[in-house]
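Results of the structural survey
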Amino acid sequence: MIYSEIANTGVQVSKIGLGTVKIGRDQGVKYPGSFKIPSDRQVLSLLSVCRELGINLIDTAPAYGNSEQRLGQLLSTSDRQQWTICSKAGESFDNHSGLSSFDFSQQGIIDSVERSLTRLNTDYLDIVMIHSNGDDLKIIEQDLALQTLQKLQRQGKIRATGMSTKSVAGGIAALQQADCAMVTFNLAEQSELAVIQYAAQHNKGIFIKKAFASGHLSRSEISDPILASLKLIFAQAGVSSAVIGTINEKNLRENVAKYLQLSA
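Residues numbered from 1 in each chain as written. Predicted model: local features only at pLDDT ≥ 70, side-chain atom pairs only at ≥ 80, totals over all residues. Heavy atoms only, no water.

This paragraph deals with the overall build of the protein chain. Helix and strand content of the protein chain: 9 helices and 12 strands. In the protein chain, buried positions account for 52% of the 264 residues. Counting only contacts in the protein chain whose residues sit at least 6 apart along the sequence, the fraction spanning at least 24 positions is 74%. When the accessible surface of the protein chain is summed, it comes to about 11500 Å², and 46% of that surface belongs to carbon and sulfur atoms. Computed over 26 positive and 25 negative side-chain charges, the separation of the two mean positions in the protein chain equals 3 Å. (Helix = DSSP H or I, 4+ residues; strand = E, 2+ residues; numbered from the N terminus. Buried < 20%, exposed > 50% of the residue type's maximum accessible area, 1.4 Å probe, protein only. Contact = heavy atoms within 4.5 Å. Areas by Shrake-Rupley, 256 points an atom, 1.4 Å probe, with all protein chains shown as cover. Lys, Arg positive; Asp, Glu negative; His and termini not counted. Charge placed at Lys NZ, Arg CZ, Asp CG, Glu CD.)

And the structure:
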């Protein structure tokens, strides 16, 4: 496995990261097929495979149902420094109602980060990103959400700050203030390429979400869409890590093998 440093923060992330929405939420997700939330034993086995493969990045969020709580319990016996934990703030999800809510106020973000620290059973988070509702520039320029994260960073509760954005303007504006951004980039959607290029030019980090279009890539069009996706993603110099949301150990192993094939 190869690792990247996020900006000049000292935070190291594996080029392939594990997305954990499927361990905490099965409502309102956009995957093509249904899935069953895995048991604790299955999640522990998946985390063990991550360590075996050299994956240190775990991506979670309050919007991922009870993902944070489960990780906090299951990682409690691990060496904290083995893992680079990325969480988010601004969006939360209620498993009972099946609805998301957003709060980008200073107090809302501070409270969200404090809850994440408690749930994840840690005294610091390696990365926290603002979880955008799509109104990127308002969140940055009016709510001053990234400035709130920077205050928490100065307090030592966060090592790196960022934003999961939904627009080119928002992604670039986020990188002007923060250490990293998370953008959508895959075979079907490449409109945020300019954000990746900006990051490469300014020594900022980029995380790729929906690397495989949330499972919607068509095998009839490309013989190996996973390999083609990884080739496209890692051809971009600004990419720090591709976050893959899976609970299937076989798929995870195959995806990492294909990445290593590219980097050999």
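Moving on to the pairing of strand β6 (residues 91-94). Covered by surrounding structure in β6 are Glu-91 and Phe-93 only, the residues Ser-92 and Asp-94 on the alternate face being uncovered. The pairing of β6 with strand β7 (residues 99-102) spans 4 bridges and is antiparallel. Within β7, the residue paired with Ser-92 across the bridge is Ser-101. Between β6 and β7, which pair antiparallel one after the other, the connecting turn spans 4 residues, and Gly-98 there sits at a positive phi close to 75°. (Pairing = 2+ DSSP bridges.)

Next up on the list: the nonpolar core. Of all hydrophobic cores here, the largest spans 58 residues; its most connected members are Val-113, Ile-130, Leu-149, Ile-206 and Ile-208. If one sorts the elements of this core by residue count, helix α1 (residues 40-53) sits on top with 6 residues. Counting 12 residues, the second largest nonpolar core, distinct from the first, contains Val-11, Ala-160, Met-182 and Val-243. (Core = buried A, V, L, I, M, F, W, Y, C linked by side-chain atoms within 4.5 Å.)

Our focus in this paragraph is helix α6 (residues 168-177). Restricting attention to buried positions, one finds in α6 the residues Gly-170, Gly-171, Ala-173, Ala-174 and Leu-175. Buried-residue contacts for α6 involve α4 (136-141), α5 (145-154), β9 (158-164), β10 (180-184), α7 (193-201) and β11 (205-209). Where α6 starts, the residue carrying a side-chain oxygen 3.0 Å from the main-chain nitrogen of Gly-170 turns out to be Ser-167. (Polar contact = N/O pair within 3.5 Å; in protein donor to acceptor, adjacent residues only side chain to side chain.)

This paragraph deals with the state of the cysteines. This structure, assessed with the given rule, holds 0 disulfides. The thiol sulfur of Cys-180 is not disulfide-bonded, and the nearest other cysteine sulfur, from Cys-86, lies at 6.6 Å. Taking the relative accessible area as the measure of exposure, Cys-180 reaches 0% and is therefore buried. (Disulfide = S-S within 2.5 Å.)

Summarising the element assignment, Leu-232 is placed in helix α8 (residues 225-234). The spatial distance from the C-alpha of Leu-232 to the C-alpha of Gln-190 is 9.9 Å, given a sequence separation of 42 residues. Ignoring any residue separated from it by four or fewer positions in sequence, one finds Leu-232 in contact with Phe-185, Asn-186, Leu-187 and Gln-190.

You can see Arg-70 is positioned in helix α2 (residues 67-74). One polar contact links the side chain of Arg-70 to the main-chain carbonyl oxygen of Ser-39, over a distance of 3.5 Å.

In contact at an axis separation of 10 Å, α8 and helix α9 (residues 249-263) are set at 50° when each is read in the N-to-C sense. By the angle between their axes, α8 is oblique relative to α9. The two elements α8 and α9 meet at a crossing, and its hand is right-handed. In this structure, α8 contributes Ile-226, Leu-227, Leu-230, Lys-231 and Phe-234 to the contact, and α9 contributes Asn-255, Lys-258, Tyr-259, Gln-261 and Leu-262. Looking at side-chain class alone, the contact of α8 with α9 contains 6 nonpolar, 2 polar and 2 charged residues. (Axes fitted to C-alpha atoms, helices over the stretch in contact; angles between N-to-C directions. Parallel < 35°, antiparallel > 145°, perpendicular 65-115°, else oblique. Left-handed = near helix turned anticlockwise from the far one by under 90°. Nonpolar A, V, L, I, M, F, W, Y, C, P; charged D, E, K, R; others polar.)

Quick look at the pattern of salt bridges now. Tallied over the entire structure, the rule returns 10 salt bridges. Three or more residues are tied together by salt bridges with common partners; here these are Arg-80, Asp-126 and Arg-159. (Salt bridge = Lys/Arg side-chain N within 4 Å of Asp/Glu carboxyl O.)

It is worth spelling out unusual backbone geometry at this point. For Ala-7, which is not a glycine, the phi torsion comes out positive at approximately 50°. Along the chain, the position of Ala-7 falls in the loop between β1 (3-5) and β2 (12-14). A relative accessible area of 9% places Ala-7 in the buried class. With a phi angle near 55°, Lys-210 is a residue other than glycine that sits in the positive phi range. You can see Lys-210 is positioned in the loop between β11 and α8. By relative accessible area, which is 43% here, Lys-210 ends up partly exposed.

Another aspect to go through is the sheet that holds β11. Pairing within the closed barrel is parallel, and its 8 strands lie in the order β3-β4-β5-β8-β9-β10-β11-β12. Between one strand axis and the next, the sheet turns by 30° as a mean value, whatever way the strands run. Bridge count between strand β5 (residues 84-89) and strand β8 (residues 125-131): 4 bridges; the pairing is parallel. In the sheet register, Cys-86 faces β8, and the bridge partner there is Ile-127.

Scope: geometric values only; no functional claims are made or implied.
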